[in-house]
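Here is what each chain is made of, one letter per residue.
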Amino acid sequence: MILNILIGIGIAFFGFVLQTSIGGINRKIVGRLQKRHAPRWYQEFIDIFMLLSKRSVSHGWIFDFGVIMALGGIIATAMFMPLTASFLAFENYDNFFIFIYLLAVGMLGMAMSASGSGNPWASIGVMRALTTMLAYEVPFLIVVMTIINLTGNSSLTEIMLYQQAAGNNIFLIALPLGGIVAFIALLGMLGKKPFETYIAPAEIASGPMVEYGGKQLGMLFILHEISVFIEVSLFVHLFLGGARNIFEFLIKYFIVYTLANLISNVNGRFKIDQVVKFFYKWPLLMAVTQAVIAIYFGWVI
Amino acid sequence: MLSTKYTVREKLSKKEIDRKWWEVGDYFRRNSLWLLMYCTGCCAIELPPSMTSAYDMERLGMGPMATPRQADILLVSGYLSLKTLRRLIYTYEQMSEPRYVIALGSCPINGGIYHDSHAVINQLEQYIPVDTYVAGCMPNPESVLNGFVDLMEGIKNKKANGWKKYHKNNDWYKENQLHALGEVVIHDEFHQ
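The shown structure was predicted, so the numbers you read here are calculated from the model rather than taken from an experiment.

1. Section: the overall build of chain B
Next up, step 1: Helix and strand content of chain B: 7 helices and 5 strands.
Next up, step 2: Taken from N to C terminus, the helices and strands of chain B fall in the order α-β-α-β-β-α-β-α-β-α-α-α.
Next up, step 3: Considered along the principal axes of its C-alpha atoms, chain B spans approximately 75 × 40 × 30 Å.
Next up, step 4: The burial tally for chain B puts 39% of its 192 residues in the buried class.
Next up, step 5: Long-range pairs, those at least 24 residues apart, make up 81% of the contacts in chain B between residues at least 6 apart in sequence.

2. A closer look at helix α1 (residues 2–33) of chain A
Next up, step 1: Its 32 residues give α1(A) an end-to-end C-alpha distance of 46 Å, which sits within 8% of 46 Å, the value for a rise of 1.5 Å per residue.
Next up, step 2: Downstream of α1(A) by one or two residues, K35(A) has phi in the positive range, about 60°.

3. Regarding the environment of I272(A)
Residues and elements named next belong to chain A.
Next up, step 1: Among the structural elements, I272 can be located in helix α12 (residues 272–297).
Next up, step 2: A tally of 19 C-beta atoms within 10 Å means that I272 is categorised as partly exposed.
Next up, step 3: In this structure the C-alpha to C-alpha distance between I272 and A135, which are 137 residues apart in sequence, comes to 10.0 Å.
Next up, step 4: Contact partners of I272, with chain neighbours within four places excluded, come to R128, T131 and T197.

4. Looking at the pairing of strand β4 (residues 100–104) of chain B
All names here are of chain B.
Next up, step 1: Burial of β4 is extensive: 5 of the 5 residues sit out of reach of the surface.
Next up, step 2: Side chains of β4 alternate between two faces, with Y100, I102 and L104 and V101 and A103 buried alike.
Next up, step 3: With 5 bridges joining them, strand β3 (residues 73–77) and β4 adopt parallel strand pairing. The partner of S77 across the bridge, within β4, is L104.
Next up, step 4: Note that the unit made of β3, helix α3 (residues 82–94) and β4 has a crossover that is right-handed.
Next up, step 5: Sheet topology places β4 next to strand β5 (residues 132–134); 3 bridges connect them, and they run parallel. If you follow L104 over to β5, its bridge partner there is V134.

5. Observations regarding the packing of helix α3 (residues 61–79) of chain A against helix α10 (residues 215–239) of chain A
All names here are of chain A.
Next up, step 1: Running from N to C, α3 and α10 cross one another at 25°; their axes reach a closest spacing of 9 Å. Compared by their axis directions, α3 and α10 come out roughly parallel. Seen along the crossing, α3 lies across α10 with a hand that is left-handed. Here V67, A70, L71, I74, I75, T77 and A78 of α3 lie close against α10, whose contacting residues are Q216, M219, L220, I222, L223, I226, S227, F229 and I230.

6. A closer look at the nonpolar core
Next up, step 1: Residues A78(A), I226(A), L74(B) and V76(B) are the most contacted members of the largest nonpolar core, which totals 127 residues.
Next up, step 2: Sorting elements by how many residues they give to this core places α10(A) first, with 16 residues.
Next up, step 3: Residues contacting L74(B), with those up to four places away along its chain left out, are L36(B), Y38(B), T91(B), Y92(B), M95(B), R99(B) and V101(B).

7. Points about the pairing of strand β1 (residues 34–39) of chain B
Residue and element names in this part refer to chain B.
Next up, step 1: As judged from the 2 bridges shared by β1 and strand β2 (residues 63–64), these two strands associate in the parallel manner. Residue pairing for β2: L35 is matched across the bridge by P64.
Next up, step 2: In this sheet, β3 lies alongside β1 in parallel orientation, the contact comprising 5 bridges. In the strand pairing of β3, L36 is matched with L74.

Conventions adopted
Residues numbered from 1 in each chain as written. Chains lettered and ligands numbered in written order. Predicted model: local features only at pLDDT ≥ 70, side-chain atom pairs only at ≥ 80, totals over all residues. Helix = DSSP H or I, 4+ residues; strand = E, 2+ residues; numbered from the N terminus. Buried ≥ 20, exposed ≤ 12 C-beta atoms within 10 Å, placed from the backbone. Contact = placed C-beta atoms within 7 Å. Expected span 1.5 Å × (residues − 1). Pairing = 2+ DSSP bridges. Right-handed = clockwise from strand over helix to strand, strands pointing away. Axes fitted to C-alpha atoms, helices over the stretch in contact; angles between N-to-C directions. Parallel < 35°, antiparallel > 145°, perpendicular 65-115°, else oblique. Left-handed = near helix turned anticlockwise from the far one by under 90°. Core = buried A, V, L, I, M, F, W, Y, C linked by C-beta atoms within 7 Å.

In structure tokens, the structure reads:
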């Protein structure tokens with residue numbers, strides 16, 4: 001049991017290091033895209049340690065406690081994440097719903113803490129974050145339910161093994177419409193550009209993060225890196241067939257995150273009502289169509 | 001000649017350990033400086049070229065930030081009228097420490113072309129401590145980036161300690177602020 005917990009914490013730490021490095025490499029890629037020289041690849045690490053080395057003010061104990069609760073919740077979520085089909089900390093506890101359920105702890109902790117600062121921009125940011133969440137989760141869950149219906153199992157490892165079995169395609173190919181919907185939902189989850197509405201630095205002064213500085217902001221950055229790791233890994237496991245070994249996982253992870261980042265950097269920002277309208281229009285329609293095609297007609301490639 | 005005998009290593013005092021940790025922190029702080037741009041005057045027009053692909057300040061690890069709490073550098077670009085000085089002091093006091101101030105152009109140094117205006121302050125140094133000045137009217141992007149590199153050198157050599165000065169000589173700064181503004185704290189519906 002103690003060994004499992006240690007492995008789980010190791011996975012969370014691995015996710016943090018992986019996502020921070022890939023985030024730095026992506027800053028380099030985006031810099032080259034914009035014909036700039038771009039910072040060093042380990043700039044994200046420097047940013048986080050810089051924030052942790054600064055002094056910061058507190059706005060009451062809810063403000064401090066919420067950050068710690070959010071970070072703890074996210075680390076607890078990452079502990080359950082399988083890296084490959086055979087490597088995970090807690091056997092039989094890699095159910096999809098565990099991630100959806102535990103991710104909310106992190107998000108709610110952050111919402112509580114941001115509201116505790118008393119800044120109106122923070123409240124607007126939290127409101128927008130929850131609205132975005134409400135928007136992208138409906139189509140995303142419909143697609144995931146389709147997958148669960150097809151595989152007859154909601155464990156990530158089982159879904160991975162189902163896709164890796166001979167004769168089965170990965171779900172991005174088997175359910176093409178659903179794969180597209182899930183990728184759009186992933187953009188919403190990551191807070192990438194068309195759906196960056198709740199961060200919006202020029203509009204609501206970075207939303208929930210408006211009152212954070214120094215150590216609290218450093219913890220929020222760590223939280224953000226780990227939650228990106230969880231969300232991208234979920235996409236890799238559910239739609240790209242997971243991974244047989246760690247290198248396959250790293251390659252798939254890098255491709256998915258880089259693609260999301262590139263799409264983010266050539267887009268503008270939606271307004272919050274446009275986000276909701278968008279998600280409830282095309283992705284929802286595509287997700288329902290995919291579910292009907294896959295479940296009732298049984299047309300799975 | 002060095003002795004081969006085992007000698008007990010002297011224990012570092014708490015002050016020395018603190019100093020070492022502070023130097024480690026200084027490495028991170030000088031390589032990741034986040035700006036809060038207080039674009040009051042015409043010098044602000046020099047910032048887009050120094051930020052985008054022509055001069056690219058991000059390669060130094062710098063970038064714009066949205067709020068004073070997140071920022072390390074307060075970048076004062078141009079002249080300061082009495083009305084904006086009050087907001088500048090608010091902003092400066094909200095930033096988390098260690099905090100640095102860079103003043104662009106000749107207006108914060110000696111008033112520049114507004115030196116005889118009744119509504120513009122002449123020396124920013126009297127109201128908040130400035131770590132780096134970039135002279136010129138307006139300074140071109142090369143000088144702006146050079147100013148950033150100067151600030152990094154200053155942090156490395158422990159010369160950029162304006163925020164410590166603000167604590168130490170707080171009475172003096174407050175007196176100057178009161179002398180210029182009458183009252184620093186505003187009482188209206190936006191500043192309760």
